[in-house]
Amino acid sequence: MVFGLVYAAVVGVPSLSQYATKETTGAALGAAYGVVLWFVAAGFVMPIWLDAVGFSNPPPVPNLSAMSLVGHLVYGVLLGALFATMSQRR
């Protein structure tokens, strides 16, 4: 939910808002957002956080797997497309 709210805030910037309200460009923005999340949050922040809280076997830093990228891309495309669809309904 937090990442979805961050996406809404980012695409609320006037230079991006015109693209975020169309399904195709919204999906593309969402895909880019998913890649950024994969690289920053899943690749670096999560492994460091797991190590900091004492997780017994934290993943290596960076933790950049292809399957994780696919999942983040699917999340981003769906987020962007659904955000655009819901924005048009307002």
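Residues numbered from 1 in each chain as written. Predicted model: local features only at pLDDT ≥ 70, side-chain atom pairs only at ≥ 80, totals over all residues. Heavy atoms only, no water.

Quick look at helix α4 (residues 66-89)
Definition in use: For helices the rule is a DSSP run of H or I covering at least 4 residues; for strands it is a run of E covering at least 2, with both sets numbered from the N terminus onward. Multiplying one less than the number of residues by 1.5 Å gives the expected span of a helix. Each residue gets one of three labels from its accessible area relative to the maximum for its type: buried under 20%, exposed over 50%, partly exposed in between, using a 1.4 Å probe on protein chains only. Any two residues whose heavy atoms approach within 4.5 Å are treated as being in contact.
In a regular helix each residue adds 1.5 Å, so 24 residues correspond to 34 Å; α4 covers 35 Å between its end C-alpha atoms and thus fits that length. All of the buried residues along α4 are Gly-76, Leu-79, Gly-80, Ala-84 and Ser-87. Contacts made by the buried residues of α4 are with α1 (2-11), α2 (14-20) and α3 (23-52).

Overview of the packing of α3 against α4
Which entries qualify depends on this criterion: The angle between two axes is taken between their N-to-C directions and runs from 0 to 180 degrees, where each axis is a line fitted to C-alpha atoms and a helix contributes only its stretch in contact. Oblique is the label for every angle not falling under 35 degrees (roughly parallel), over 145 degrees (roughly antiparallel), or within 65 to 115 degrees (roughly perpendicular). Handedness of a helix crossing follows the sense of rotation of the near helix relative to the far helix, less than a right angle counterclockwise being left-handed and clockwise being right-handed. For this scheme, ten residues count as nonpolar: Ala, Val, Leu, Ile, Met, Phe, Trp, Tyr, Cys and Pro. Four count as charged, namely Asp, Glu, Lys and Arg, and the remainder, Gly too, count as polar.
In contact at an axis separation of 6 Å, α3 and α4 are set at 140° when each is read in the N-to-C sense. As judged from the angle between their axes, α3 and α4 are oblique. Considering only the axes of α3 and α4, their crossing is right-handed. Among the residues forming the contact of α3 with α4, the class breakdown is 14 nonpolar, 9 polar and 1 charged.

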